[in-house]
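Listed below, chain by chain, are the residues.
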Amino acid sequence: MQAFCRNLSVLLFDSQKNTRIDFSGFISLTDQTFAMKNLFDISDTQEIITRLEKLQVDAPRQWGKMTSAQMLAHCKIALEVAADKLNLAHYLNGPHLGPFVKKSWLGEKPFQKDSPTDPHFKMTMEKNFEKEKTELTSLIRAFQSGGAEKCTNRKHSFFGTLTKEEWAVLMYKHLDHQ
C-alpha cells in the first residue's frame, strides 16, 4: 500500500485491490470505476441483455408503479442520455446535492428502493412491451460497442459532471436494480 498527498488530503493506494482510499474512508471513484460492472464491458453487457431476454410482459412490479413496458421505456430514456441521444435539464437541486451523493450511487451498494425519480424518467402512459424491449436491447448493444467515444460529455441532470466510465457504471447499475 502506498500513500499519496493530493489537495491536502492523505490518500492510500492499494495496488492489489486497485482502489484509492482517502483519510475519511471513502473510495475514490476514479480508481474503483474500472473494477465496477459497467456497460463498456462486453460480459457485463451480455449479463444485462440475457436478463432482459427473460423479462416477461406480465412480470410483477418490484420497484414501484411502472409496468414492465414502462420500466423498459424508463431505462431506455436514461440510456439515451448517456449515449448522447437526449439532453435533459437539471433536476431540482441536482447541481447542489448531486455531487455530494454521487459516490454512494456509483459505489458497490445497489440502488435503494423509493429513491426520487427525475420527472423526465417517469412513465405514466402505456408502452408496447416488445417494442421497448427491442429498442432498449439495441441501445444497450450500441452503447457497449460505441464505448467511451460514443458516451456523452454532458453533465448528468442530477449528479453533474461524470467521467465516461462513471456513466457506464451508472447505466449498468440502473439496468441492474432488481
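Keep in mind that what you see is a predicted model, and the values were worked out from it rather than measured.

## Details of the packing of helix H3 (residues 68-82) against helix H6 (residues 164-176)
Here is step 1: Running from amino to carboxyl end, H3 crosses H6 at an angle of 175 degrees, the nearest separation of the two axes being 10 Å. Judged by the inter-axis angle, H3 sits roughly antiparallel to H6. Facing H3, whose interface residues are His 74, Cys 75, Ala 78, Leu 79, Val 81 and Ala 82, H6 presents Trp 167, Met 171, His 174 and Leu 175.
Here is step 2: Classifying every residue of the contact of H3 with H6 gives eight nonpolar, two polar and no charged.

## Focus on the confidence of the model for the protein chain
Here is step 1: Confidence along the protein chain averages 79 in pLDDT terms, with 76% of residues attaining 70 or more.
Here is step 2: Averaged pLDDT values for the elements of the protein chain fall to 34 in strand S1 (residues 2-6) and rise to 97 in helix H5 (residues 129-150).
Here is step 3: Note on residues 1-16: pLDDT is under 50 here. Beyond four places in sequence and across chains, it has 29 contacts.

## As for the side chain of Thr 137
Here is step 1: By the element assignment, Thr 137 lies in helix H5.
Here is step 2: Overall, Thr 137 belongs to the buried group, its relative accessible area being 12%.
Here is step 3: Leaving out residues up to four positions away in the same chain, Thr 137 has contacts with Ile 49 and Leu 52.

## Some thoughts on the pattern of salt bridges
Between side chains of opposite charge, a pair can form when the charged atoms approach closely.
Here is step 1: Evaluation of the coordinates by the stated rule reveals eight salt bridges.
Here is step 2: Note that Arg 154 and Asp 84 form a salt bridge whose closest N and O atoms lie 3.0 Å from each other. In this pair, Arg 154 sits in the loop between H5 and H6 while Asp 84 sits in the loop between H3 and helix H4 (94-106), placing the two residues 70 residues apart along the sequence.
Here is step 3: The class for Arg 154 is partly exposed, based on a relative accessible area of 37%.
Here is step 4: Note that Glu 135 is salt-bridged to Lys 131, the shortest N-O span being 3.3 Å. Of this pair, Glu 135 and Lys 131 both sit in helix H5, four residues apart, which is roughly one turn of that helix.
Here is step 5: The exposure class of Glu 135 is partly exposed, given its relative accessible area of 30%.
Here is step 6: One salt-bridge network, in which partners are shared between bridges, spans Lys 76, Lys 131, Glu 132 and Glu 135.

The rules we used
- Residues numbered from 1 in each chain as written.
- Predicted model: local features only at pLDDT ≥ 70, side-chain atom pairs only at ≥ 80, totals over all residues.
- Heavy atoms only, no water.
- Axes fitted to C-alpha atoms, helices over the stretch in contact; angles between N-to-C directions.
- Helix = DSSP H or I, 4+ residues; strand = E, 2+ residues; numbered from the N terminus.
- Parallel < 35°, antiparallel > 145°, perpendicular 65-115°, else oblique.
- Contact = heavy atoms within 4.5 Å.
- Nonpolar A, V, L, I, M, F, W, Y, C, P; charged D, E, K, R; others polar.
- pLDDT = per-residue confidence, 0-100.
- Buried < 20%, exposed > 50% of the residue type's maximum accessible area, 1.4 Å probe, protein only.
- Salt bridge = Lys/Arg side-chain N within 4 Å of Asp/Glu carboxyl O.

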